[in-house]
Each structure stands twice: as C-alpha cells, then as structure tokens.
Amino acid sequence: MLTMSDNEQRHKQRQQKLKQKVDDKVAQAQKEQGVLLVITGNGKGKTTAGFGNVMRAVGHGQKAAVVQFIKGQWDCGERMVLQQQGVPFEVMATGFTWETQNKAADIAAAEKAWAQAKAWLQDDSIDMVLLDEMTYMLSYHYLDIDEVLNTLSSRPAQQHVIVTGRQAHRRLIELADTVSDVTPVKHAFEAGIKAQKGLDY
C-alpha cells in the first residue's frame, strides 16, 4: 500500500510533466495576429459567449464594434451595457426570418447590416468585431459567401472577429482560427419555460 508521501510524490511528478507540456506549448505560440473565432452549434450561449469576448476587450481598453443579425428587435442587456461604454452597434432589426416571412426585405436588411460590417472590418482602429448570428445570412444565401470570406481574409492583421450562429458554413469553419461547437444537453424552453430577461436576453 502506498503511503501518503508516495502519493504526493507521484502527484508532483504528474503535475511537473503536465506543466512542462503547457510551458512548451506557450513557448511555441509566439505569433501575434488577429483571430477569427466561430461559435456555432445548436446549444444555447453562442451570442452570450461572443458578447463575453467583447466585454473582455472593452475591459482592456480596446475598441470593439457589433453587428446583430436576426435578433435585433429583442431587448438586449449586453447591448445596453456596451453602448454605454461607447461600443457602436449595427442592428438588422428585422427579427427572426420566420417572423418577417419576406425574403426580399430580409436580404435588403442583411445587405445593409453587412455594409456597416465591411466598413468596420476595414478599420484598423477597431480591435474586435462581433458578427452575431451571421451564419444564418450565409446558410440562407442572403449574403455572398465569397464576398464575406474575402472581406474576413483581408481585414486588418491584428483585428479579431467573432462570428456566431448555428450551422456555420464549412468554408467559414475552414477559414477560422478557432471554432467552438456548442452542443445542447437540455434547454428550459423545451420544458415550457419561457425566455426570461437577464438570463436569455
């Protein structure tokens, strides 16, 4: 039977090996560049995660901008806070596509929001751009995938971009530096619990 000191010694050795691996990875990761982050999947929290990154950037004194596709008609607690901090927003403001049921109007609204996004994606004074729910604009063919990818690829070298939404286009995933897939396990809405202020929006 191992004594406590033997257990402690084995634990220390494991932790030292782990630390060495982490230190080696940190030493190898020395490039500084803007990161394209895609947060996709069917689970809850993609937009919230995107706004969390924007909050972090603003907390460090960096400049951020946000384009909201689809959910623009809802109250948005994050928008209320960030606008008070001087973060500019472009809000598509048509709501969900199943509410408008007007494809031409939705495409026009998407193109207007994208025009502002393109301007921010060419502005090297902006450190981070959040394109919230933009994946739908690509899957519904409201925006041209080639134009979007070309714009993302030619943005300022140090600018970070976050794209959120379900079913991210495979070409967007290929271009991205980091991709997170949010997987649902349970959701209160499926049990008949309505979306609530402060938790869901």
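A.B. asks: Please explain the nonpolar core as it appears in this structure.
C.D. replies: Considering soluble globular proteins, one finds that nonpolar side chains tend to be buried as a cluster. Counting 32 residues, the largest nonpolar core has F69, L131, M134, M137, L143, L152 and L172 as the members making the most contacts within it. Of all the secondary-structure elements, those providing two or more residues to this core are β1 (36-40), β2 (64-68), α5 (103-120), β4 (128-132), α6 (135-139), α7 (145-153) and β5 (160-164). Not counting chain neighbours up to four residues away, the residues in contact with M137 comprise F69, I70, M92, A110, Y142 and L143. Core analysis: the next-biggest nonpolar cluster, separate from the first, contains 15 residues, L37, V58, C76 and V87 among them.

A.B. asks: What should I look at first to understand unusual backbone geometry in this one?
C.D. replies: Generally, phi is negative for residues other than glycine and the peptide bonds are trans, each holding for most cases. We note that H141 has phi near 65 degrees; this positive angle belongs to a residue other than glycine. Relative to the assigned elements, H141 resides in the loop between α6 and α7. Of note, Q167 is a non-glycine position whose phi angle comes to about 50 degrees, a positive value. Note on placement: Q167 falls in the loop between β5 and α8 (170-175). According to the relative accessible area criterion, Q167 is exposed, its value standing at 60%.

A.B. asks: In this structure, what is going on with the pattern of salt bridges? I would like to understand it.
C.D. replies: Once the charged atoms of two side chains with opposite charge are near each other, the side chains can pair. As enumerated under the stated definition, the model contains four salt bridges in all. One salt bridge in this structure joins E90 and K112, with 3.0 Å as the shortest N-O distance. Highlighted residues: E90 in strand β3 (residues 89-91) and K112 in helix α5, separated in sequence by 22 residues. Notably, a salt bridge pairs K118 with E147, separated by 2.8 Å at the nearest N-O pair. With K118 in helix α5 and E147 in helix α7, this pair connects stretches of sequence that are 29 residues apart.

A.B. asks: Got a minute to help me understand the layout of surface pockets in this structure?
C.D. replies: Its boundaries defined by the atoms lining it, the second largest pocket holds a volume of some 180 Å³. Around the second largest pocket, the lining residues are V35, L37, N53, R56, A57, H60, Q62, M128, H160, V161 and I162. When residues of the lining of the second largest pocket are traced back to their parent elements, those giving at least two are α2 (46-59) and β5.

A.B. asks: Teacher, can you tell me more about α7 here?
C.D. replies: Each α-helix winds once per 3.6 residues, and so residues spaced three or four apart point in a common direction. Considered for burial, the residues of α7 that qualify are I145, V148, L149, T151 and L152. Take α7 and look down its axis: the buried residues cluster within an arc of 160 degrees, on one side only. Residues of α7 that are buried make contact with β1, α5, β4, α6, β5 and α8. Measuring from the backbone nitrogen of D146 back to the side-chain oxygen at the start of α7 gives 3.3 Å, which picks out D144 as the cap.

What counts, and where the lines are drawn
Residues numbered from 1 in each chain as written. Predicted model: local features only at pLDDT ≥ 70, side-chain atom pairs only at ≥ 80, totals over all residues. Heavy atoms only, no water. Core = buried A, V, L, I, M, F, W, Y, C linked by side-chain atoms within 4.5 Å. Buried < 20%, exposed > 50% of the residue type's maximum accessible area, 1.4 Å probe, protein only. Helix = DSSP H or I, 4+ residues; strand = E, 2+ residues; numbered from the N terminus. Contact = heavy atoms within 4.5 Å. Salt bridge = Lys/Arg side-chain N within 4 Å of Asp/Glu carboxyl O. 1 Å grid on protein atoms, 1.4 Å probe; cavity = no way out; pocket = protein on both sides within 12 Å on 5 of 7 lines; lining within 4 Å. Points joined across faces, edges and corners; volume = space filled by probe spheres on them. Arc of directions from axis to C-beta. Polar contact = N/O pair within 3.5 Å; in protein donor to acceptor, adjacent residues only side chain to side chain.

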